[in-house]
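Chain by chain, the residues:
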Amino acid sequence: MLLYILIAAIIGIVLFVNFSKQFGGSHSKEDIIRYQQSGHYREGAFQNAVPTTVSADMGWKAIIETTIAFIKGNPNGKPKSAIPVNLVDSLDIEKNKRPRLIWFGHSAILLQIDGLSILLDPMLGKVPAPHPYFGSKRYSDHLPIEIERLPAIDAIIISHDHYDHLDYGSIEKLKGKTNKFYVPLGVGAHLKEWGVKEQAIHELNWWDEISHKTLQLAFAPARHFSGRGLNDRSSTLWGSWIIKGEEQNVYFSGDGGYGAHFKEIGEKYGPFDFAMLECGQYNERWSLIHMMPEETVQAAIDVNAKVMMPIHWGAFTLALHDWNDPAIRVTKTANKLNIPITVPEIGAEIRLDSLVLASNPWWN
């Protein structure tokens, strides 16, 4: 009976992986040729600019210890109750497009700039995983505004294809609200599998630039990896975004470890009026692909940001640290170094034209 159960489970997993749309699309021979011409694709996978391992070289003892720690969990890994969420009115988003951004938790951002509405990494689902059984639920009971109530979106920008940044359910609901997707090389295969029209998809390589109405967009390097399935690691590119409007210049880091690329981005595209920088889901054992909070502050200095905001936290538990550790450590370091920082409540408006730094330590 146990053997039958095991066989049935294996068959179920294989069928799910091969037929669930959650895992995205496949890459044609023509796609692979394009990737090979990017300068960052070797031996069937995209590569970081500098040698990078997904996790530090760990022996069996460290692997077992880490696995047990994840199974046991951290009693402070999630807030004791739902965190505060400010509600946003759909009419206000549509009619009053003042320069601002609204954080949805983790790395999901609604940016309004030059009268345009841009969604950044809109993972607006409840669980960042291919199936609800496999992931950590969102801390908050609701979003600042549900997808169905969002007005038309001028463009959607994606940093990479991990589940906590590119969500199939969210894209299904959003694809009728926009006709422009700006994504890294390879991510277009997922969008096409999910019914997004090919002419709506713009794939970019590192250092590619493109215009969207009054905005100048640039896709820059990050130190990370990608993949949605069991055998597609780094099959699509990852990176960060520069969004320059007529008055404001902002930076969105996506995910990644600290490296020299931040200084290069700052020299090429800075200074930035506002920088959204990854700060969460970190661990010393995978510090090459996720910055520690102190490194996040240094990244803000490197890109020459006038004001920084930590993202990639406040919504899901994907690591072993306390849920509010990112906010505690990054604000402590920023204040010590006199780096302007804002850590808003989810759904709170951050005005880019008359910035007032959020000072309420709500995470405590």
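Rules of the game
- Residues numbered from 1 in each chain as written.
- Predicted model: local features only at pLDDT ≥ 70, side-chain atom pairs only at ≥ 80, totals over all residues.
- Heavy atoms only, no water.
- Helix = DSSP H or I, 4+ residues; strand = E, 2+ residues; numbered from the N terminus.
- Rg over C-alpha atoms; globule rule 2.2 N^0.38 Å.
- Buried < 20%, exposed > 50% of the residue type's maximum accessible area, 1.4 Å probe, protein only.
- Contact = heavy atoms within 4.5 Å.
- Areas by Shrake-Rupley, 256 points an atom, 1.4 Å probe, with all protein chains shown as cover.
- Lys, Arg positive; Asp, Glu negative; His and termini not counted.
- Charge placed at Lys NZ, Arg CZ, Asp CG, Glu CD.
- Arc of directions from axis to C-beta.
- Phe/Tyr/Trp six-rings, centres within 6.5 Å; stacked < 30°, edge-to-face > 60°.
- Right-handed = clockwise from strand over helix to strand, strands pointing away.
- Pairing = 2+ DSSP bridges.
- Axes fitted to C-alpha atoms, helices over the stretch in contact; angles between N-to-C directions.
- Polar contact = N/O pair within 3.5 Å; in protein donor to acceptor, adjacent residues only side chain to side chain.
- Salt bridge = Lys/Arg side-chain N within 4 Å of Asp/Glu carboxyl O.

Student: Looking at this structure, I do not really get the overall build of the protein chain. What am I missing?
Tutor: Within the protein chain one finds 9 helices and 15 strands. Taking 364 residues into account, the globule formula puts the C-alpha radius of gyration at 21 Å, and the protein chain, at 20 Å, falls close to it. Residue burial in the protein chain is summarised as follows: out of 364 residues, 55% are buried. Here the analysis covers contacts within the protein chain between residues at least 6 apart in sequence; of these, 70% occur between residues at least 24 apart. With the model as given, the accessible surface of the protein chain reaches about 16700 Å², and the carbon-plus-sulfur share is 55%. Between the mean site of the 35 positive side-chain charges and the mean site of the 40 negative ones, the protein chain shows a separation of 3 Å.

Student: Sorry if this is basic, but what is going on with helix α7 (residues 261-269) here?
Tutor: Structurally, the α-helix is built with 3.6 residues per turn, so residues lying three or four positions apart point the same way. Listed as buried for α7 are H261, F262, I265, G266 and Y269. Buried residues of α7, seen end-on, are gathered within an arc of 140 degrees and therefore sit on one face of the element.

Student: How do you make sense of the packing of aromatic side chains when you look at a structure like this?
Tutor: Two measures describe an aromatic ring pair: the distance that separates the ring centres and the angle between the ring planes. By the definition in use, this model includes 16 aromatic pairs. Pairing Y35 with Y41 gives two aromatic rings, centres 5.7 Å apart and planes at 55 degrees, and the pair type is tilted. Of the two residues examined, Y35 and Y41, each falls in the buried class. Ring centres 5.9 Å apart and planes at 80 degrees place the aromatic pair Y139 and W323 in the edge-to-face group. Taken together, the positions of Y139 in the loop between β5 (116-120) and β6 (155-157) and W323 in the loop between β14 (308-311) and α9 (325-336) put the pair 184 residues apart, joining distant regions of the chain. For Y139, a relative accessible area of 9% puts it in the buried group. Ring-pair connections join several aromatic residues into one group, and the members of that group are W103, Y139, W313, W323, W362 and W363.

Student: In this structure, what is going on with the pairing of strand β13 (residues 274-278)? I would like to understand it.
Tutor: Walk down a regular strand and you will see the side chains alternate between the two sheet faces. Within β13, 5 of the 5 residues are buried, leaving the element largely enclosed by the surrounding structure. In β13, alternate side chains face the same way, and those of F274, M276 and E278 on one face and A275 and L277 on the other are all buried. Taken together, strand β12 (residues 249-252), α7 and β13 constitute a β-α-β crossover, and its handedness is right-handed. Across 4 bridges, the pairing between β13 and β14 is parallel.

Student: What exactly am I supposed to notice about the sheet that holds strand β3 (residues 100-103) here?
Tutor: Strand order in the open sheet formed by 7 strands is β8-β7-β6-β5-β4-β3-β15, with mixed pairing between adjacent strands. The two strands at the open ends of the sheet, each matched to only one other strand, are β8 (201-204) and β15 (349-351). Strand-to-strand, the axes of this sheet are offset by a mean angle of 20 degrees, without reference to chain direction. Across 3 bridges, the pairing between β3 and β15 is antiparallel. In the sheet register, I102 faces β15, and the bridge partner there is E349.

Student: What is the right way to look at unusual backbone geometry in this model?
Tutor: Both trends apply: most residues other than glycine have a negative phi, and most peptide bonds are in trans. The omega angle of the peptide bond from G270 to P271 is 0 degrees, so this bond is cis rather than trans. Its location among the elements puts P271 in the loop between α7 and β13. Of note, S234 is a non-glycine position whose phi angle comes to about 60 degrees, a positive value. With respect to the helices and strands, the residue S234 is situated in the loop between β10 (215-220) and β11 (240-244). Residue classification places S234 among the buried positions, given a relative accessible area of 8%. Of note in this structure, Q281 is not a glycine but carries a positive phi near 65 degrees. Its relative accessible area of 4% is what places Q281 among the buried residues.

Student: Can you walk me through the side chain of N283 in this structure?
Tutor: When you line up the elements, N283 lands in the loop between β13 and α8 (293-302). A polar atom in the side chain of N283 sits 2.8 Å from the backbone nitrogen of R285. Excluding anything up to four places from it in sequence, N283 contacts M292 and L320.

Student: Can you help me understand the pattern of salt bridges in this one?
Tutor: Close approach of charged atoms allows side chains of opposite charge to pair. Throughout the structure, instances matching the rule amount to 14 salt bridges. With a closest N to O distance of 3.4 Å, D325 and R329 form a salt bridge. Here the residue D325 and the residue R329 both occupy positions in helix α9, the gap between them amounting to 4 residues, near one helical turn. The exposure class assigned to D325 is buried, which follows from its relative accessible area of 18%. Among the ionic contacts, a cluster of salt bridges with common partners joins D92, R98, R100 and E349.

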